[in-house]
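Here are the chains, one letter per residue:
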Amino acid sequence: MIPLSVLDLSPVGEGSDVSQSLKNTLDLARHAERLGYKRYWLAEHHNMPGIASAATSVVIGHVAGGTSTIRVGAGGIMLPNHAPLVIAEQFGTLNALHPGRIDLGLGRAPGTDMGTARALRRNMDAGVDSFPQDVVELIDYFRPAEPGQRLRAVPGEGQNVPVWILGSSTYGAQLAAILGLPYAFASHFAPAELEHAIDIYRSRFQPSEHLDKPYLMLGLNVFAAATDAEAKLLFTSLQQAFVNLRTGRPGKLPPPVEGYDTQIDTAAKVMLEYALSCAIIGSPETVRSGLDAFIRRTGADELMVTAQIHDHAARVRSFEILADVHRELAKAA
């Protein structure tokens, strides 16, 4: 049975604040470690009131320091927002503090609106277009220093920090294949090119010093509860947040709403069905059949599960149910 991992945006729910969200993140990470999840990744987003993981490397340090065995990483760092040397130093430091437990996923999207991207980057002339070169430069900083090398990442050099390419299109698939790196596709919110990206990555993969064969991780929304009805209700928080974001009204994660699908127009319904089609919502039995079907359909090597659930206890319980289902499928396999 393939491994399961967790993607956490450290959601800030309505009626709560960032401090509580970060406490919840560490609590969920400790549960994920106990439940056997392989990784716990945090995502970089900016200028979003409902997401507390903007300072991603800082939150990774918080989570890694509060756990002991689970791998902790970025899913991801939006590299155009940063100088490669700075990221090498940050993740070199994290790996020095928590040897063998740190992952670095890299994306080329801004993780925000363009006005905020300008405030982050200051210079928009490079950014996305230089992403492949920046990835290679960053990886080079992790290599052992050469004699006479003038520019070094300290900490960073000689640190074995696995680098992943993230993507929601075929661009990342091509780059990961060329560089021989593991690839994580954001099917949990952008599934349109899922099959095409998988095919490109696997068919064009070139073995490297990092990886001898393709390794594919897919994002998946899983909302699990005692009943299908309860899980569908929990899912309305993500639906509301997605509609709010897409209509220019980002805010904190809303509480669930009964009958939400009857309160939105046809365009919003279509958008949600399209963007969130990679989602499993329901009771343990529903999750079991959905998980098995998704793995069989995609052939993924690993799944990274996310669940934007307003109530923290319900969120923890969702991951507990999923872990139980995963163990049952592993036994059956």
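Summarised in this report is the structure supplied together with it. As the structure is a prediction and not an experimental result, all values here were calculated from the model.

**Description of the overall build of the protein**
Right, on to step 1. Helix and strand content of the protein: eleven helices and nine strands.
Right, on to step 2. For the protein, the C-alpha radius of gyration of 19 Å lies close to 20 Å, the compact-globule estimate for 333 residues.
Right, on to step 3. If one aligns the C-alpha atoms of the protein with their principal axes, the spans along those axes are about 65 × 45 × 40 Å.
Right, on to step 4. Residues classed as buried in the protein amount to 54% of the 333 residues present.
Right, on to step 5. When contacts within the protein are restricted to residue pairs at least 6 apart in sequence, those whose partners lie at least 24 apart make up 73%.
Right, on to step 6. In the form shown here, the protein has an accessible surface area of approximately 14,500 Å², with 54% of it arising from carbon and sulfur atoms.

**Digging into unusual backbone geometry**
Right, on to step 1. Residues Gly75 and Gly76 are joined by a peptide bond in cis, for which omega reads 5°.
Right, on to step 2. With respect to the helices and strands, Gly76 occurs in strand β3 (residues 71–78).
Right, on to step 3. Put simply, Val154 and Pro155 share a cis peptide bond, and its omega is -5°.
Right, on to step 4. Relative to the elements of secondary structure, Pro155 occurs in the loop between α5 (131–141) and β5 (163–167).
Right, on to step 5. Unlike most non-glycine residues, Ser10 shows phi in positive territory, near 50°.
Right, on to step 6. As for its position among the elements, Ser10 is in the loop between β1 (4–8) and α1 (18–35).

**Remarks on the packing of aromatic side chains**
Right, on to step 1. By the definition in use, this model includes seven aromatic pairs.
Right, on to step 2. On the basis of an interplanar angle of 80° and a centroid distance of 5.8 Å, the ring pair of Trp164 and Tyr215 is categorised as edge-to-face. One end of the pair, Trp164, is in strand β5; the other, Tyr215, is in the loop between α7 (194–204) and β7 (216–224), and 51 residues separate them in sequence.
Right, on to step 3. Here the aromatic rings of Tyr201 and Phe205 are separated by 5.7 Å at their centres, their planes lie at 80°, and the arrangement is edge-to-face. For the pair formed by Tyr201 and Phe205, the shared burial category is buried.
Right, on to step 4. Aromatic rings pair up to connect Tyr183, Phe185, Tyr201 and Phe205 into one cluster.
Right, on to step 5. Positioned above the aromatic ring of Tyr171 is the side chain of Arg108, whose terminal nitrogen or guanidinium carbon lies 3.6 Å from the ring centre.

Cut-off values and rules
- Counting starts from 1 at the beginning of each chain's written sequence and moves along it residue by residue.
- Totals for whole chains, interfaces and linings use all residues, but because this is a predicted model, local features are given only for residues with pLDDT of at least 70 and pairs of side-chain atoms are given and counted only at 80 or more.
- Only hydrogens and water are set aside; all other atoms, that is, all heavy atoms of the structure, feed into the side-chain values.
- Labels follow the DSSP assignment, with helices taken as runs of H or I lasting at least four residues and strands as runs of E lasting at least two, numbered in each case from the N terminus.
- The reference for a compact globule is 2.2 Å times residues^0.38; the radius of gyration itself is calculated from the C-alpha atoms.
- Categorising residues by exposure relies on relative accessible area from a 1.4 Å probe, with only protein chains included: less than 20% of the type maximum marks a residue as buried, more than 50% marks it as exposed, and the intermediate range marks it as partly exposed.
- Here a residue-residue contact requires only that any non-hydrogen atoms of the pair lie within 4.5 Å.
- Each accessible area is a Shrake-Rupley result for a 1.4 Å probe, and residues are judged covered by the shown protein chains and nothing else.
- In this analysis, rings of Phe, Tyr and Trp, with Trp reduced to its six-membered ring, are considered paired at centre separations within 6.5 Å, and the interplanar angle assigns stacked below 30 degrees, edge-to-face beyond 60, and tilted for intermediate values.
- For a Lys NZ or an Arg CZ to count as sitting over a ring, it must be within 6 Å of the ring centre and within 35 degrees of the ring normal.

All we've got here are geometric facts, nothing functional implied.
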